[in-house]
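The chain contents come next:
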Amino acid sequence: MKKTLFATAVMAVMAATVFAGGAKEKTADTAIAKAIQESKSLTKEQIIEKAKEEAAAAKASGSVFKTYGTSSRISDAAKGFTAKYGIDVEATNVKDNEVYTKLDAEISGNIDGADVALVQNGAVLKIQMLDTGYLVNYLPPDATKVVDKEDSDPLVQQYINKLFIFNTKGANAPAITNVWQLCEPKMKGTVIFKSPETEKVNENFLIMLTSKAWSDKLAAAYKNLYGKNIELGSYKNAGYKWIAEFLANCSFGSSDTKIAEEISNDEAQGKVGLFVLSKLRSKTVKRENLEVESYYAESKNTKVEPFAGFMYPLYVLIAKTTTMPYTSMLFVDYLVTSEGFKPWGKSIGAYSSNNSIGS
C-alpha cells in the first residue's frame, strides 16, 4: 500500500480502529443504495450509459452533477471526467473545517448539494457522516483488485503527507534528526504549524502521539538524543510532554501554502515548518531555500527519530441524497483510476490508494 512508502519515518494518521467493522447501514431505502445493489449485475459500459442518461435528464431540468473536495485539485479531476465521459461537473473546493457543516445542512435538509465528496478528518467523518448514513461508501468493482481492504471502507482515494521542512539559508539551519530538538528553548518561535484547532488532521496527528505505541517511541527517541530517561513530571506520557513543548515553540500559520511561503523566504533563516509536501510545487514558494528533514537525514545515513511527519487520507464518498447515483458511482470509479489521479500524481506529496499507480 502507498502509505508504507514512509513507514519508517512517517505515521499514517487515520481512523483504522474507528472504522473497524464499517459504517452502520442506514441507506437501504435511498436511490444510491438501490443503484449500488443493482450495479452489481451491470457491466461498466452499462453503468456509463445510465450515468449519461442521468446527466442528460439533469441538463434538461437545469441541474448539474456536483462534487466537493477539501483538495483544490478536485476541479482538475472534474474537468478530466467531463472530457472522458461528456458529463458536466460543478466542482467546489471547500475547507476542511467547513465541509462537514455544509454537507450536514444540505443532506439533512434534502437541499440540492454535492453528489460526491472528497473529504478528510476520519474521526468527524465517521460520527457526522457515516454513522448517520449521510455519506455512502461505494467500492467500484475494478478497485477491489487494486485497493487494499483497509482502504476500501470508507474508500480512500489518496494519502497526503505533511513533513518537517526547514530553511537552509544561513549558518543556523535547523537540520534536525530527532523531533525533541524542536522542543528545545532555542527553537522558540522558529517552528510554524497550522493550528490544530482549525486543521483537524493536525489535531488527529497530535492525538495519535498520546497513544502508548507512539509515546513509547518518543520516550526512546528522547533517551537516544539526551542519553537519559525522560522525566515526565505532570505529563501522562512522553506524547503529552512532546505536544506541550512542541506547541509552545510554535507560531501558527493560516494555511499550509502560507507556511511554505514563509519558511522559504530569504529572511526565514533558522525556521522549520510541518506542512504539506506538495506545497513545494507552488510558484510562490522558493524551493531552492528549503530542505525536507527526512531527505537531509537520509543524506547523513540516518533518519528523523521517531518520525519525520505524517500522512493522512482523503476519502471519496457519495451523498445519500444524490439524484444522480450512477454518475456518482462512475465519478468515484474515475477518481481511483490512474487517469483520475493525474491532477495529484503529477507532483510530489500525494499517493493514490490504487496500488497499480506508481508513487
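Given the structure is predicted, the values throughout are model-derived calculations rather than measurements. (Residues numbered from 1 in each chain as written. Predicted model: local features only at pLDDT ≥ 70, side-chain atom pairs only at ≥ 80, totals over all residues. Heavy atoms only, no water.)

Novice: How would you sum up the overall build of the chain? Please name residues and give values.
Specialist: Within the chain one finds twelve helices and twelve strands. On C-alpha atoms alone, the chain measures out to a radius of gyration of 22 Å, which is about the 21 Å that the 2.2 N^0.38 rule sets for 359 residues. Over its C-alpha atoms, taken along the principal directions, the chain stretches across nearly 65 × 40 × 35 Å. Residues classed as buried in the chain amount to 53% of the 359 residues present. Taking contacts inside the chain between residues at least 6 apart in sequence as the whole, the part at least 24 apart equals 80%. Summed over its atoms, the accessible surface of the chain is roughly 15900 Å², and 50% of this surface lies on carbon and sulfur atoms. Computed over 43 positive and 41 negative side-chain charges, the inter-centroid distance for the chain is 3 Å. (Helix = DSSP H or I, 4+ residues; strand = E, 2+ residues; numbered from the N terminus. Rg over C-alpha atoms; globule rule 2.2 N^0.38 Å. Buried < 20%, exposed > 50% of the residue type's maximum accessible area, 1.4 Å probe, protein only. Contact = heavy atoms within 4.5 Å. Areas by Shrake-Rupley, 256 points an atom, 1.4 Å probe, with all protein chains shown as cover. Lys, Arg positive; Asp, Glu negative; His and termini not counted. Charge placed at Lys NZ, Arg CZ, Asp CG, Glu CD.)

Novice: Summarise the layout of surface pockets; cite the residues concerned and give the values.
Specialist: The gaps left among the atoms become clear once a water-sized probe is rolled over them. Taken as a whole, the largest pocket spans an internal volume of roughly 610 Å³. Contributing to the lining of the largest pocket are 24 residues, with T70, S71, K194, E199 and K279 lying nearest its centre. Looking at the lining of the largest pocket, the elements with two or more residues in it are α4 (96-108), α9 (256-264) and β11 (309-319). Split into classes, the residues belonging to the lining of the largest pocket amount to five nonpolar, eleven polar and eight charged. (1 Å grid on protein atoms, 1.4 Å probe; cavity = no way out; pocket = protein on both sides within 12 Å on 5 of 7 lines; lining within 4 Å. Points joined across faces, edges and corners; volume = space filled by probe spheres on them. Nonpolar A, V, L, I, M, F, W, Y, C, P; charged D, E, K, R; others polar.)

Novice: Give a description of the state of the cysteines that names residues and reports values.
Specialist: Tallying each qualifying case throughout the model produces zero disulfides. Unpaired in terms of disulfides, C183 finds its nearest cysteine sulfur in C250, a separation of 8.6 Å. (Disulfide = S-S within 2.5 Å.)

Novice: Give a description of the side chain of S215 that names residues and reports values.
Specialist: Along the chain, S215 falls in helix α7 (residues 212-226). You can call S215 buried: its relative accessible area is 4%. Here the side chain of S215 touches K212 through a polar contact of 3.1 Å, landing on its backbone oxygen. (Polar contact = N/O pair within 3.5 Å; in protein donor to acceptor, adjacent residues only side chain to side chain.)

Novice: Kindly report on unusual backbone geometry, identifying the contributing residues and their values.
Specialist: For the bond from D153 to P154, the omega torsion is 0°, close enough to zero to count as cis. Topologically, P154 is positioned in the loop between β5 (135-136) and β6 (156-167). In this chain, E305 is followed by P306 through a cis amide linkage whose omega measures -15°. Phi is positive for N110, which is not a glycine, with a value near 50°. If you trace the backbone, N110 turns up in the loop between α4 and β4 (116-119). One non-glycine residue, N301, lies in positive phi territory at about 60°.

Novice: So what's going on with the nonpolar core? Residues and values would help.
Specialist: Judged by nonpolar contacts, the single largest core of 73 residues is most densely connected at W180, L182, F205, L209, W242, F246 and F307. Examining the composition of this core, we find that seven residues originate from one element, helix α11 (residues 325-335), more than from any other. Membership of the second largest hydrophobic core comes to 33 residues, among which are Y159, I165, L277 and V285. (Core = buried A, V, L, I, M, F, W, Y, C linked by side-chain atoms within 4.5 Å.)

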